[in-house]
Amino acid sequence: MKCLIIAAGTGGRLRDMGPSKPLIHVRGVPLLERVIARAHSAGVDRFFVVSGYRGEDVRASLDGLAARKAIPIVHIVNDAWERANGVSVLKAKPFLDGTFLLTMCDHLVDPDILRGLMSTTPERDTVTLAVDFNITGSINDLEDVTRVKCSNGRVEHVGKVIRDFNAIDTGVFLCTPIIFDALEASQAAGDDSVSGAMNVLARWNKARTFDVQGRLWLDVDDPPTFRKAEELLEAGRL
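As a starting point, this report considers the structure included with it. Treat the numbers as computed from the prediction; the structure is a model and nothing was measured.

## Thoughts on helix H1 (residues 31–42)
Between its first and last C-alpha, H1 extends 17 Å over 12 residues, near the 16 Å set by a 1.5 Å rise per residue. Burial analysis of H1 places nine of its 12 residues in the buried class, which makes it a mostly covered element. Along H1, the residues classified as buried are Leu31, Leu32, Glu33, Arg34, Val35, Ile36, Arg38, Ala39 and Ala42. Following H1 by one or two positions, Gly43 adopts a phi angle in the positive range, close to 120°.

Right under this line is the structure:
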């Protein structure tokens, strides 16, 4: 299994903790390295990482990790890193075919989520989003999560401000190449985000869901969630 990781943004809300969000140390280990280690332990054998803001630093760190752990890591450069995250994903189109995982550099997830998602057989020309139905008990900030309306295993709508939602987007996807078609359609309509592409796929009836069944995951994107990550890691819960 291949895994695409998006690590191109500025991470402005964690700037006080380091100049490069993917390289901020969480209990002594760079955040991006923790994401890669979890995916590797779940069975991913090759990584593609999109860097942008302070990309030279990120790529140098990844080269060191690849040599140290003997993990193949392919660099993809996004010079338009100031745009939304879907632009980074589309930059990977020449590098990926077949089925692959997609995740973010700041999402720490239980490796069992990745194992479960990878063990599924996706329908042809679909993208499967790992969703969390445990809304009231979520360890994430409900005011900041991406919300999902889904039914019968299908995504109906994805967005930050939708009111009618019953799940949370974990930022982990099992993709087939149709993701690139959806990104192109979404960006042509003015929406550069991955969520925009998922809404295109929903309209095409090509967006599916995978229930994480209460397993823990955390979007580490500001000081409170950074502190929460350190606490959960120290307690052995994440």
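So that's the structure; there's more coming.
## Side note on the nonpolar core
Among the nonpolar cores identified, the biggest contains 46 residues, and Ile5, Leu32, Ile36, Phe47 and Ile73 are the most heavily contacted of them. It is H1 that provides the largest number of residues to this core, a total of six residues. With near-sequence residues (within four places) excluded, Ile73 lies in contact with Ile36, Phe47, Val49, Leu62, Leu65 and Ala66. Counting residues in each nonpolar core, the second largest holds 36 residues, with Ala92, Leu96, Leu102 and Val127 among its members.

## Remarks on the pairing of strand E9 (residues 147–151)
Put simply, side chains in a regular strand alternate between the two faces of the sheet. Relative to strand E10 (residues 154–159), E9 is paired through five bridges, and the arrangement is antiparallel. Bridged to Arg147 within E10 is Gly159. In sequence, E9 turns back onto E10 through a hairpin of two residues, with Asn152 there showing a positive phi of about 50°. One ladder, built from two bridges, connects E9 with strand E11 (residues 167–175); its direction is antiparallel. Looking at E11, one finds that Val148 is bridged to Ala167.

## Thoughts on the side chain of Thr103
For Thr103, the position within the fold is in strand E6 (residues 100–104). Assessed through its relative accessible area of 7%, Thr103 is described here as buried. Other than its neighbours up to four places away in sequence, Thr103 contacts Cys3, Leu4, Ile5, Ile6, Val35, Gly171 and Val172.

## Here's the deal with unusual backbone geometry
Trans is the prevailing form of peptide bonds, just as negative phi is the prevailing case for residues other than glycine. Here the phi dihedral of Arg27 falls at roughly 50°; this positive angle occurs in a residue that is not glycine. Position of Arg27 among the secondary structure elements: in the loop between strand E2 (25–26) and strand E3 (29–30). Non-glycine residue Arg54 carries a positive phi angle of around 50°. Turning to its location among the elements, Arg54 is positioned in the loop between strand E4 (46–51) and helix H2 (55–69).

Rules of the game
- Each chain carries its own residue numbering, running from 1 in the written order of its sequence.
- Owing to the predicted nature of the model, reporting of local features is limited to residues with pLDDT of at least 70; listing and counting of side-chain atom pairs is limited to 80 or more, with chain, interface and lining totals taken over all residues.
- Excluding hydrogens and water, the side-chain values take into account all heavy atoms of the structure.
- Secondary structure elements follow DSSP: runs of H or I no shorter than four residues count as helices, runs of E no shorter than two count as strands, and numbering proceeds from the N terminus.
- Here a helix's expected span is defined as the number of its residues, less one, multiplied by 1.5 Å.
- Whether a residue is buried, partly exposed or exposed follows from its accessible area with a 1.4 Å probe, protein chains only, as a fraction of its type maximum: under 20%, in between, or over 50%, in that order.
- Think of a nonpolar core as a cluster: buried Ala, Val, Leu, Ile, Met, Phe, Trp, Tyr and Cys residues, connected wherever their side-chain atoms sit within 4.5 Å.
- The contact rule is simple, with two residues in contact once any of their heavy atoms fall within 4.5 Å.
- Two strands are said to pair when DSSP picks up at least two bridges between them.

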